[in-house]
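Take a look at the letters that make up each chain.
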Amino acid sequence: LASASPVPLISSFLKVTLGKSVDTWNANGFDEKTALLGGSIGDLFRTFGVHSVLIWTAMLLKKRVVVVGESSEQVLSTIRVLPQLAWARQNWSI
């Protein structure tokens with residue numbers, strides 16, 4: 001890891017930030033709201049059960065919620081669902 005070069009990562013980041021596209025991905029065809037709706041709120045309730053109420057309350061009160069798991073896919077899908085718990089706020093910048 002110490003010998004890894006950060007140049008390709010920084011190059012891709014700058015291409016997206018400045019040019020709005022990298023390789024085959026283009027920012028003009030990307031809808032942020034649709035991407036954030038990628039998860040199912042029902043899956044969240046099935047996963048956490050009764051404790052979903054605590055997560056929902058924390059989101060409504062704008063508290064910090066830490067999501068930890070063994071699988072990165074499960075963690076990322078949970079994170080994508082959390083804004084749906086405070087849908088009325090319509091704050092997509094989190």
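Every value quoted in this text rests on a predicted model; they were computed, and no experiment measured them.

Per the secondary structure count, the chain includes 5 helices and 2 strands. Secondary structure elements of the chain, listed N to C terminal, follow the sequence α-β-β-α-α-α-α. Scored against the burial criterion, the 94 residues of the chain give a buried share of 15%. Across the chain, every contact between residues at least 6 apart in sequence was considered, and the portion connecting residues at least 24 apart equals 62%. Surface exposure of the chain reaches about 7600 Å², of which carbon and sulfur atoms provide 62%.

So, about the pattern of salt bridges. In the structure shown here, the tally under the stated rule is 1 salt bridge. D43 is paired through a salt bridge with R46; the nearest N and O atoms lie 2.5 Å apart. With D43 and R46 both in helix α3 (residues 41-48), this residue pair falls 3 residues apart, about one helical turn.

In the predicted model, the chain carries a mean pLDDT of 80, and the fraction of residues at 70 or more is 77%. Highest mean pLDDT in the chain belongs to helix α4 (residues 52-60) (92); lowest belongs to strand β1 (residues 21-22) (66).

Rules behind the numbers
- Residues numbered from 1 in each chain as written.
- Predicted model: local features only at pLDDT ≥ 70, side-chain atom pairs only at ≥ 80, totals over all residues.
- Heavy atoms only, no water.
- Helix = DSSP H or I, 4+ residues; strand = E, 2+ residues; numbered from the N terminus.
- Buried < 20%, exposed > 50% of the residue type's maximum accessible area, 1.4 Å probe, protein only.
- Contact = heavy atoms within 4.5 Å.
- Areas by Shrake-Rupley, 256 points an atom, 1.4 Å probe, with all protein chains shown as cover.
- Salt bridge = Lys/Arg side-chain N within 4 Å of Asp/Glu carboxyl O.
- pLDDT = per-residue confidence, 0-100.

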